[in-house]
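Structural overview
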Amino acid sequence: MKGLAGISLIETNDYLIELSMDNHEVIENAVQNFKLKLVNKTGNPASFKAEGNNQGRVEAIFEHDLTAESDAVFAGQFIVHEGEEPSVWKTHPSLDVKVWVNGEECELRLGLLPKQPAKITGASKVNLSYLNQESELEMEVENNLEEDAVFHLSLPECDLVELEKQEYRIQLRNKERKLLKVPFIVKKYGFYQPEMSISALTQNGEELSFTCRPVGIPLKSFGQKFGGESKDYWHICNGICQINIRKLDYKITAGRNDSVNQPFSFFVPKLGKPYSTEFSKAKPREAEWFTDDTAITFKLVFKSEAFPGILAALYTSLYGEGLVKIWSELTNEGSKRYENLFLSQPLYHEMQNPYFPLENEVIEFSNVKELGFMEISAESITGNWFFDNHNGEPIGFCWPNSAKSNPDGWQFYYQQETGCLEPGQQVVLAPCYLSIGAFRTWEEMQQFAGVTAEPEKIVKNEKTLVINRGNPVLKDQETAEFTLKTHRSSYLNGTIDVYLNEDKKLSAAFSQEQELKEYRANFPIEGIKPLSLVKAEIKLDSGKTHANDLLLMPRGAIRIVTEKQSGKTVYSMDNGIISLKAAPDFYPGLFSLSYKENEWLDSSFPEPVAKGWWNPWAGGMKTIPSQMSVFSLLKEKSSAEFINVKDSYDNEWSVLAIHTKVAQHSIWRGLEYTQYFALLPGVPILAYWVKVIDAGGKYLFNEKWITDIFISGSSLKDLTLTISDKGAESAYQAGVEEQSFVNIDGSHISSSCSSEKMYVIKSKDAELLGAYMNKEAFEVISERSAAPLAKPGFVVFDERSFEGRTLNNLHYLEFR
């Protein structure tokens, strides 16, 4: 306890002087006793004088002046007046006594821990308040006296609240604590902190009176911003969100409620180098709030002792959306020139499902196994942000691009350079931002942090298994390479078993002594299928995980045909296992998609018809822009051609391209776009995407591409949609009743007439993959932003049942 360290005993060969009291914990405004002991070892009379050295809150009633011939004990009294409650970091008040022996002066001191007669803390259970509705303040009242007492509490009138009653009486035994409930009606929004007048009447008739403002609660509502001060915190409120700054050490927490216990916290910055922790124990020169149209800001100003002349102003702003902005301002008020000061901002975060930009990739870490900052290598961080799904509450953080980041132990730091700071000069450092729900996804956080290019949506797991260098398409090769990599700082230690279509192809072991962050090997691929599933069982230390991937092995050739059917020019493409057909004169889309000669598209070819509430209806599979009906689409001109297109891994696909020029539609007049339907030889996968040739001057940002696929069976009732929903599988029969589904990612469609299954894999940029059923139709619907080049979606056929999300690794394939 700071302040207790004073000289309370002095002993020489001639004398011993000791200042003592029974208990360092003292009650404010109550008379306390102490003793001053003198031991005279000389046997000769000594001139002795003592008096209280009154400083600050402590008033000593003590004065002696005499000749002491032998040992003596002097009794004294003192009072500690009301004042700030001391903390473990701040200097405590002390009892000081000056002593003269034969004219030689010394000073004795005892540190004190003052307490009020009662300890009172309180809070409200309500995060948001509503005008003219009843709320309640709950206060814990604890008797600090050594005897039983009756406490009378008086609360003043206030324009923020209307109290049910202002006077309360509570009887407490020695050290007893009771809960007192104070109901009130909310009249105005703001920070309610009543200054209470309290009297304590003890059993022996002594009465102690004191005032305190121990309880402060925010009366928050949407659009309301204000600051306030309670016993232990400064508070910043804006709408539903709140920041709490602890007076003890200036630790900052923020959340969408009033709890001071939050998973993310800032600590007070350090000036350097070398870095000083002085601000965490210093008393601020200033503490104030100010507001503007969008935010409320709290300012703390500290004067540095470690760097004389430097004044540090620390700012914390809170926006109503849940965005916290923190920055610092340094002013050189001295005469010394500082060549290069540094400011280090430490913080802490309890991460539950974090995303980090590491080695130019976005890595998702476990939502089960906690990640500590010490497990992240500073050299691997290639972005200025991280994001966390914390119990469903998204938390994001970004620091200035110019700052140097450093995970260190259980904390994270970023360091800023100030450059040269001349006398009289001021520098404002770039801010950091904490999002407490302002950004709901890591992509939004990444963009806010300053990523100018389109954010990468493929996320890799913290234990990354990469097959064939990320290319799912195999060439003429006998083995495939796999790489296992961990993004935690610990080395790989365990085993891996690799399976190809359930056949074990490789087992390997690695130990921590090998100091491997990455393990690479080849496994044989004999017996591979056109679509093969790769599974890896990974045991690392005490944990066991599974990773899934897929490999595609093209075989054979693509056959393309143009012919007349029912008076229409039909474009057909067949890869030996999948066949597709389109007739642009009929409709700009596929009207046939068959796998092993089983048709999967429901179409009205060769002419549109009326079906249910669709009129006209052509069915099949197509992509069109939003706000455009089938009726309008049929008025436009379309054409088709066969081309070859390479993907991002230089794999060549055969493509049926359908071009549409819009000339009639009032919204989309001038639009030219192409639908691409792509196949690999012998592989049961259809890739499809859209590219804008000419937007016709149209702004695409708020528009969407709508893809629909009408599914066919010998009858609709033969078809079943199987969906994985929160770990359980549910099957829904088509053609029975009207049903709508908003998320069928990972699902598959099966037919009672065939063994194969149809997996519709949503594109990487898809905002919706849903389905609609009634007695006449079964439609799969995909929506995505109308970008000039859409990401590919995929239709996969296979006889096996597996989790459809296993096929999401197809997202690594993109087309130019």
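Scroll up to find the structure this text is about.
Let me begin by describing the structure that accompanies this report. (Residues numbered from 1 in each chain as written. Predicted model: local features only at pLDDT ≥ 70, side-chain atom pairs only at ≥ 80, totals over all residues. Heavy atoms only, no water.)

Of the regular secondary structure elements, the protein holds two helices and 69 strands. Rg of the C-alpha trace for the protein: 38 Å, well past the compact-globule value of 28 Å for 816 residues, more than 25% over. Buried residues in the protein amount to 54% of all 816 residues. For the protein, contacts bridging at least 24 residues in sequence account for 61% of all contacts bridging at least 6. Taken as a whole, the protein presents about 36,800 Å² of accessible surface, with 45% of it coming from carbon and sulfur. (Helix = DSSP H or I, 4+ residues; strand = E, 2+ residues; numbered from the N terminus. Rg over C-alpha atoms; globule rule 2.2 N^0.38 Å. Buried < 20%, exposed > 50% of the residue type's maximum accessible area, 1.4 Å probe, protein only. Contact = heavy atoms within 4.5 Å. Areas by Shrake-Rupley, 256 points an atom, 1.4 Å probe, with all protein chains shown as cover.)

With that out of the way, let us pick up the sheet that holds strand β48 (residues 543–552). Spatially, β45-β44-β47-β48 is the arrangement adopted by the four strands of the open sheet, whose pairing is antiparallel. Of all strands in the sheet, those bounded by a partner on one side alone are β45 (503–510) and β48. Each strand axis lies, on average, 15° off the axis of its neighbour in the sheet, ignoring direction. Where strand β44 (residues 494–500) meets β45, seven bridges bridge the pair, whose relative direction is antiparallel. By the bridge assignment for β45, Asp497 is matched with Ser507. (Pairing = 2+ DSSP bridges. Axes fitted to C-alpha atoms, helices over the stretch in contact; angles between N-to-C directions.)

Turning to the pattern of salt bridges, a few remarks are in order. Where charged atoms from two side chains of opposite charge approach closely, those side chains can pair. Tallying each qualifying case throughout the model produces 35 salt bridges. Residues Lys485 and Glu359 are paired through a salt bridge, measuring 2.2 Å at the closest nitrogen-oxygen approach. One end of the pair, Lys485, is in strand β43 (residues 479–486); the other, Glu359, is in the loop between β33 (354–358) and β34 (361–364), and 126 residues separate them in sequence. Where Asp650 meets Lys646, a salt bridge forms, and the shortest distance between an N and an O atom there is 3.9 Å. (Salt bridge = Lys/Arg side-chain N within 4 Å of Asp/Glu carboxyl O.)

Pairing is antiparallel across the open sheet formed by four strands, whose spatial order is β12-β13-β17-β15. Every interior strand has two partners, whereas the edge strands, β12 (118–123) and β15 (161–163), have only one. Strand after strand, the sheet turns through a mean of 35° between neighbouring axes, direction not considered. One ladder, built from three bridges, connects β15 with strand β17 (residues 177–186); its direction is antiparallel. Looking at β17, one finds that Glu162 is bridged to Ile185.

What follows is about the packing of aromatic side chains. Applying the stated criterion across every chain yields a total of 54 aromatic pairs. Judged by centre distance (5.4 Å) and plane angle (45°), the ring pair of Phe373 and Phe412 falls under tilted. With a gap of 39 residues between them, Phe373 in the loop between β34 and β35 (385–390) and Phe412 in strand β38 (residues 411–417) connect regions that are remote in the sequence. Summarising the burial analysis for this pair, Phe373 and Phe412 share the class buried. Both rings, one in Phe586 and one in Phe591, keep their centres 6.4 Å apart while their planes meet at 85°; by these two values the pair is edge-to-face. Here the aromatic cluster, defined as three or more aromatic residues joined through ring pairs, consists of Phe264, Phe266, Phe356, Phe365, Phe373, Phe386, Phe397, Trp399, Phe412 and Tyr414. In this structure, Lys325 is placed above the aromatic ring of Trp327, and the distance from its NZ or CZ to the ring centre is 4.6 Å. (Phe/Tyr/Trp six-rings, centres within 6.5 Å; stacked < 30°, edge-to-face > 60°. Lys NZ or Arg CZ within 6 Å of the ring centre and 35° of its normal.)

Turning next to the side chain of Asn40. Of note, Asn40 is situated in strand β4 (residues 32–40). Note on Asn40: relative accessible area 8%, which makes it buried. At a separation of 2.7 Å, a polar atom in the side chain of Asn40 contacts the side chain of Thr42. Reaching out from Asn40, the side chain makes a polar contact with the backbone oxygen of Ala68 at a distance of 3.3 Å. (Polar contact = N/O pair within 3.5 Å; in protein donor to acceptor, adjacent residues only side chain to side chain.)

Burial of the side chains of strand β20 (residues 207–212) is restricted to one face: Leu208, Phe210 and Cys212 are buried, whereas none of Glu207, Ser209 and Thr211 on the reverse face is. Note: strand β19 (residues 196–202) against β20, six bridges, orientation antiparallel. Bridging across to β20, Ser199 finds its partner in Ser209.

This part takes up the nonpolar core. If you look at the biggest cluster of nonpolar residues, it comprises 51 residues, and the most contacted ones within it are Phe266, Phe356, Phe397 and Leu434. Among all residues touching Phe397, those that are not within four sequence positions of it are Phe264, Phe266, Leu347, Asn384, Trp385, Phe386, Tyr414, Cys432, Tyr433, Leu434 and Met445. Core analysis: the next-biggest nonpolar cluster, separate from the first, contains 38 residues, Leu679, Leu719, Ile723 and Phe741 among them. (Core = buried A, V, L, I, M, F, W, Y, C linked by side-chain atoms within 4.5 Å.)

Let us look at the side chain of Thr660. Here Thr660 lies in strand β58 (residues 652–661). On the basis of relative accessibility, which here comes to 1%, the residue Thr660 falls in the buried class. At 2.9 Å, the side chain of Thr660 and the side chain of Ser638 are in polar contact. Other than its neighbours up to four places away in sequence, Thr660 contacts Pro588, Leu633, Glu636, Lys637, Ser638, Leu671, Glu672 and Tyr673.

Before going further, it helps to examine the pairing of strand β8 (residues 72–80). On any regular strand, side chains alternate: one points to one face of the sheet, the next to the other face. Both β4 and β8 contribute to a ladder of seven bridges, which runs antiparallel. If you follow Leu38 over to β8, its bridge partner there is Ala72.

Position of Ile10 among the secondary structure elements: in strand β1 (residues 9–11). Classification of Ile10 by relative accessible area gives partly exposed; the value is 25%.

Put simply, Lys273 and Pro274 share a cis peptide bond, and its omega is -5°. Checked against the element boundaries, Pro274 lands in the loop between β27 (270–272) and β28 (286–291). Even without glycine at this site, Asn132 takes up a positive phi of about 65°. The residue Asn132 is located in the loop between β12 and β13 (134–143) in this model. The exposure class assigned to Asn132 is exposed, which follows from its relative accessible area of 54%. With a phi angle near 50°, Asn501 is a residue other than glycine that sits in the positive phi range.

Here the focus is the environment of Asn360. One can find Asn360 in the loop between β33 and β34. Here the alpha-carbon distance between Asn360 and Ser380, two residues 20 residues apart in the chain, equals 8.5 Å.

So, about the environment of Gln171. Tracing the backbone shows Gln171 in strand β16 (residues 167–172). For Gln171, a relative accessible area of 48% gives the class partly exposed. Each C-alpha atom of the pair Gln171 and Glu329 lies 51 Å from the other, and the pair is 158 residues apart in sequence. Ignoring anything within four residues of it in the chain, the contact list for Gln171 reads Ala149, Val150, Glu176 and Lys178.

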